[in-house]
Every structure is written in structure tokens, then in C-alpha cells.
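What the coordinates show
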Amino acid sequence: KYGIKVLAYLNMHWFSYDFAEQHKGWEQLLADGTPYGRQSPLYGGGTTFCVNSGWRDWATELVAETMNTGLDGVFLDGPVVFPGACYCPTCLETFKARYGADIPETEDWSDERWKDFVEFREDSMAEFLRDCRSAMQAVNPEGVIFLNGGSWHAGAWRVARDIEKVGDFEDFNGAEAF
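These notes cover the structure that comes with them. Since the model is a prediction, treat every value here as computed from it, not as a measurement.

On to the packing of aromatic side chains. What the rule picks out here adds up to 21 aromatic pairs. Plain terms: the ring middles of F19 and F49 are 6.0 Å apart, the flat faces sit at 45° to each other, and that makes the pair tilted. Taken together, the residues F19 in helix α1 (residues 17-22) and F49 in the loop between α2 (36-39) and α3 (55-67) connect sequence positions 30 residues apart. Of the two residues, F19 and F49, neither departs from the other in class, the shared state being buried.

Spelled out as C-alpha cells, the structure:
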């Protein structure tokens, strides 16, 4: 009646350890195999999931279910590919298939594999957002979606946020600023 549009906030970066235990293989892993959220607990006690794992299907279903309530869009707070992460089995396999090499374990900008790894992480984020957008548009073609940004500074590569890659899959770019 008043032209107000309603967007839902969907937390896509924090999950309880109990939920993670129910979904083996979804957590972001560091090079040594440790889940990122177990080494660096989020908000004092939680973990985070990999955009390339089976969690992607769960997340896109969540977007569709949310849109089925009649909302006008979704604000995805996260996901974040945390620094040092992207070593889950799905990422290891996908990277090797795309680049014909293993993911390097340490940051080395003189190594082309490291540059490929940075690109892989950014592409993974964009592909995740693409799939969420498709799920949203299947329910409401006029819906809007955006990812909590972070691409306003040069260090955005550390969390896999390249506005040029995700920009095609969101209706605007918004970001928290603290």
C-alpha cells in the first residue's frame, strides 16, 4: 500500500558447531585441515561453511524458501571465504580440475598457482551468489539480492570479494561500515 519493499537478512557466515556436526564436509578448512571456525571461533563460538561444499545447495534452498514467503529480496550477510581457507575436499578437487595443480599452502605472489588460488576463491564467491540469485529469481523474477560487500579496499581479495565478479549477480552493492 505504501510502496515499502521488504528484504530478509540471511546470516550466511556463522553456524553453530552442533549444526556443523550434522553436516560433515561443509566447514571451511585451512591448509592443515583444521576448520577455520574451530581455530578462530566466530563471535566466540561458531564456525563457517564453504561456498563450494554441499552447503551451497542448502543455502540456495534457504533463499528460495525465504522468497516463497512473499518478500521482495534478500540481504546475504556473508558468506565469507575467510583468510587461509578454501582447502575442503570440494575446493581441492575443483581447483585441481580447473587449474591442473594442487592449491598452494602458503601465500606466494611469485607463484602463478597462488594467483590462480586467489582467482578461484573470488570465482567461487561469485558462483555462489549467481546460484542464490537464480534461486531467488525462480520464485520472484523481480526480487533483489545483495551480498554484504567488502570490496571497497584493496585487501578484499583476502575474503574473496571482487566487486567486478560478484557485481553481475547482485542488484546493488551494500556494505557494513564500522
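Time to look at the nonpolar core. Among the nonpolar cores identified, the biggest contains 42 residues, and W55, V63, V74, L76 and F117 are the most heavily contacted of them. Residue assignment for this core shows that the elements contributing at least two residues are β1 (7-11), α1, α3, β2 (73-77), α4 (89-99), α5 (112-139) and β3 (144-147). A per-element tally of this core places α5 first, with 11 residues. Not counting the four nearest positions on each side in its chain, V63 is found in contact with L10, M12, V74, L76, C132, A135 and M136. Judged by nonpolar contacts, the second largest core, of 5 residues, contains L30, Y36, L42 and V80.

Turning to the pattern of salt bridges, a few remarks are in order. For side chains bearing opposite charge, pairing can occur when the charged atoms are close. Counted under the stated rule, the structure contains 12 salt bridges. Residue D131 pairs with R56 through a salt bridge whose shortest N-O separation is 3.0 Å. Of this pair, D131 sits in helix α5 while R56 is found in helix α3, placing the two residues 75 residues apart along the sequence. For D131, a relative accessible area of 21% translates into the label partly exposed. Judged by relative accessible area, which is 12%, R56 ranks as buried. When the shortest N-O distance is used, the salt bridge between K115 and E112 registers 3.2 Å. With a gap of 3 residues between them, K115 and E112 both fall in helix α5, about one helical turn apart. When its relative accessible area of 34% is taken as the criterion, K115 is described as partly exposed. Each of E21, K24, E27 and R38 takes part in a single network of salt bridges with overlapping partners.

Mapped onto the elements of the fold, T60 is located in helix α3. Its relative accessible area of 14% is what places T60 among the buried residues.

Turning our eyes to something else, we now look at unusual backbone geometry. Most peptide bonds are trans, and most residues other than glycine sit at a negative phi. The step from G78 to P79 runs through a cis peptide bond, and the omega angle for that step is 5°. When you line up the elements, P79 lands in the loop between β2 and α4. Although it is not a glycine, Y43 adopts a positive phi angle of roughly 55°. By the element assignment, Y43 lies in the loop between α2 and α3. Phi is positive for C86, which is not a glycine, with a value near 120°. Among the secondary structure elements, C86 is positioned in the loop between β2 and α4. The exposure class assigned to C86 is buried, which follows from its relative accessible area of 4%.

Given a rise of 1.5 Å per residue, 13 residues ought to cover 18 Å, and the 18 Å separating the end C-alpha atoms of α3 matches this to within 8%. All of the buried residues in α3 are W55, R56, A59, T60, V63, A64, T66 and M67. Of the surrounding secondary structure, the elements contacted by the buried residues of α3 are β1, β2 and α5.

Conventions and cut-offs
Residues numbered from 1 in each chain as written. Predicted model: local features only at pLDDT ≥ 70, side-chain atom pairs only at ≥ 80, totals over all residues. Heavy atoms only, no water. Phe/Tyr/Trp six-rings, centres within 6.5 Å; stacked < 30°, edge-to-face > 60°. Helix = DSSP H or I, 4+ residues; strand = E, 2+ residues; numbered from the N terminus. Buried < 20%, exposed > 50% of the residue type's maximum accessible area, 1.4 Å probe, protein only. Core = buried A, V, L, I, M, F, W, Y, C linked by side-chain atoms within 4.5 Å. Contact = heavy atoms within 4.5 Å. Salt bridge = Lys/Arg side-chain N within 4 Å of Asp/Glu carboxyl O. Expected span 1.5 Å × (residues − 1).

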